[in-house]
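Commentary on secondary and tertiary structure
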Amino acid sequence: MLRSGRLKTIFKLSRPLCERRSFQTAAQAPSSQKWLKLAGAFAAGTAMVHWLTQSSNQTFQAETIREDDVPPAGDDKSMKQKLLSHGAHAIQNFAPIQSIHQYVCGLHFYSGDLQRQVVAHHYCQHLNADVHQCVIYDGNDKNSKLIGVEYIISEKLFSALPDEERKYWHSHNYEVKSGMLIAPRVPTAVENEVMKDLVRTYGKTIHTWQVDRGDILPLGPPQLMMAPLADEHVDQRLLQQRDRDMGVHTEEKRKARAPIPPAEHLPGADNWAATGKAVEFIPREVPLRSRK
């Protein structure tokens, strides 16, 4: 029998895929093409339920193992802080955090430096069909550090951006098609549906905590991050370690995603690959602007 937590997971993950709708008139009903999409989504939701049912008695690795993890500066939480946290959790509104419903994991590199790459655990919320916003951690356990944010937009919205803005964005086609971007613990049929949506999107990513160099606090200016565009751009040692930690195989995912149509690369994204020059955020002092 499934545990209550598993049932909640089923409903949370499959509800957006399997939501039933009623239509007052024939004009309101979806077209045949939309019905096919709904049928495919329902099949993916059914696959999720079946997978969770079959695996209800199995043990999963819920946390990553970070051998180079450096604890942040500071003392352990006091009893007072713990009590206040529990009290706040019971009575305050955490709607923005509770709206997070998608978890994907991939690799980022610091803009301008392919030698510095990090594993990025994204916890994302869909603001609408064209905009996602993600908080990024260095792991997936309760003590993971918040290291950055990523905004993900559809190709429709990206194509409307001015040229000057596009240089801050990266494409997701390679991340998806290579198998490098994963949705941990999600069965292949459902994961591929997620990736079909992400393959044509673009991301703008800022990291504030440089954990790869062992910083015990978020030091220095924010860092613009990019994503690899080819196998030769990827730190294979880091990717293999990620795969071992998460119990996945990137090459198997690459094969499973072969049927996903590749996205057209829109000009301006991944500008470093076309020009050989990257964008970095360089802080500078400016005169203070008063309120008067």
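Predicted, not measured: the structure shown is a model, and the values here were computed from it.

**What to know about the overall build of the chain**
Scanning the chain from N- to C-terminus turns up eleven helices and seven strands. Burial status across the chain gives 39% buried among its 292 residues. Accessible surface for the chain amounts to roughly 18,400 Å². Of this, 55% is attributable to carbon and sulfur atoms.

**Some thoughts on the environment of Val 70**
In this structure, Val 70 sits in the loop between α2 (32–54) and α3 (79–91). Each C-alpha atom, one on Val 70 and one on Arg 213, is 9.7 Å from the other, the two residues being 143 residues apart in sequence.

**Topic: the state of the cysteines**
Under the definition given, this model contains one disulfide. Here Cys 124 is linked by a disulfide to Cys 134, with a sulfur-sulfur distance of 2.1 Å. Its S-S torsion of about 105° marks the bond between Cys 124 and Cys 134 as right-handed, since a negative value means left-handed. With Cys 124 in strand β2 (residues 113–126) and Cys 134 in strand β3 (residues 131–137), this pair connects stretches of sequence that are ten residues apart. Taken individually, Cys 124 and Cys 134 each receive the classification buried, so the pair is uniform in this respect.

**A closer look at the nonpolar core**
Within the largest apolar cluster, 14 residues are counted, with the highest numbers of intra-cluster contacts made by Ile 153, Phe 158, Leu 161, Trp 169, Tyr 202, Leu 224 and Met 226. Among all residues touching Trp 169, those that are not within four sequence positions of it are Tyr 151, Ile 153, Phe 158, Leu 161, Tyr 202, Gly 203, Lys 204, Met 226, Ala 269 and Asp 270.

**Overview of the packing of aromatic side chains**
Tallied over the full model, the rule gives five aromatic pairs. With centroids separated by 4.5 Å and ring planes inclined at 5°, the aromatic side chains of Tyr 103 and Tyr 123 adopt a geometry described as stacked. Note that Tyr 103 is positioned in strand β1 (residues 102–110) and Tyr 123 in strand β2, a separation of 20 residues in sequence. Three or more aromatic residues joined by ring pairs make a cluster, and in this case those are Tyr 103, Tyr 123 and Tyr 137. Sitting above the plane of the Trp 209 ring, Lys 145 keeps its charged end 6.0 Å from the centroid.

**Quick notes on the confidence of the model for the chain**
Parts of the prediction with low pLDDT should not have their coordinates interpreted in detail. Within the chain, residue pLDDT values average 84, and 77% of them lie at 70 or more. Segment residues 1–26: pLDDT under 50, and 34 contacts once partners within four positions in sequence are set aside and those in other chains are kept. Residue range residues 49–62 is modelled with pLDDT below 50. Its contacts to residues more than four positions away, or to other chains, number 21 contacts.

**What about the pattern of salt bridges?**
Within this structure, the stated rule accounts for twelve salt bridges. A salt bridge links Glu 164 to Lys 167; the shortest N-O distance between them is 2.5 Å. Its relative accessible area of 23% is what places Lys 167 among the partly exposed residues. What emerges from the salt-bridge pattern is a single network uniting Glu 191, Lys 253 and Arg 257.

**Looking at α3**
With 13 residues, α3 should reach 18 Å at 1.5 Å per residue; the first-to-last C-alpha distance of 19 Å fits that figure. Burial of α3 is sparse: only one of the 13 residues sit out of reach of the surface.

**Here we look at a nonpolar patch on the surface**
A surface patch of nonpolar side chains, about 230 Å² in accessible area, is lined by Ile 216, Leu 217 and Leu 219. Relative to the helices and strands, Leu 217 is located in the loop between β6 (201–207) and β7 (223–226).

**What to know about the environment of Ala 230**
Examined against the element boundaries, Ala 230 turns out to sit in the loop between β7 and α9 (236–246). What makes Ala 230 buried here is its relative accessible area of 16%. Ala 230 sits 55 residues away from Glu 175 along the chain, and the two C-alpha atoms are 8.8 Å apart.

**With respect to the pairing of β6**
Counted residue by residue, β6 has six buried out of seven residues, so it is predominantly covered. As judged from the seven bridges shared by strand β4 (residues 146–154) and β6, these two strands associate in the antiparallel manner. Looking at the pairing, Glu 150 lines up with Thr 205 of β6. Alignment of β6 against β7, held across three bridges, turns out to be antiparallel. Residue His 207 lies in a different strand from β7, and its bridge partner there is Gln 223.

Conventions used here
Residues numbered from 1 in each chain as written. Predicted model: local features only at pLDDT ≥ 70, side-chain atom pairs only at ≥ 80, totals over all residues. Heavy atoms only, no water. Helix = DSSP H or I, 4+ residues; strand = E, 2+ residues; numbered from the N terminus. Buried < 20%, exposed > 50% of the residue type's maximum accessible area, 1.4 Å probe, protein only. Areas by Shrake-Rupley, 256 points an atom, 1.4 Å probe, with all protein chains shown as cover. Disulfide = S-S within 2.5 Å. Core = buried A, V, L, I, M, F, W, Y, C linked by side-chain atoms within 4.5 Å. Contact = heavy atoms within 4.5 Å. Phe/Tyr/Trp six-rings, centres within 6.5 Å; stacked < 30°, edge-to-face > 60°. Lys NZ or Arg CZ within 6 Å of the ring centre and 35° of its normal. pLDDT = per-residue confidence, 0-100. Salt bridge = Lys/Arg side-chain N within 4 Å of Asp/Glu carboxyl O. Expected span 1.5 Å × (residues − 1). Patch = residues over 30% accessible without salt bridge, like charges linked within 9 Å, V, L, I, M, F, W, Y side chains within 5 Å. Pairing = 2+ DSSP bridges.

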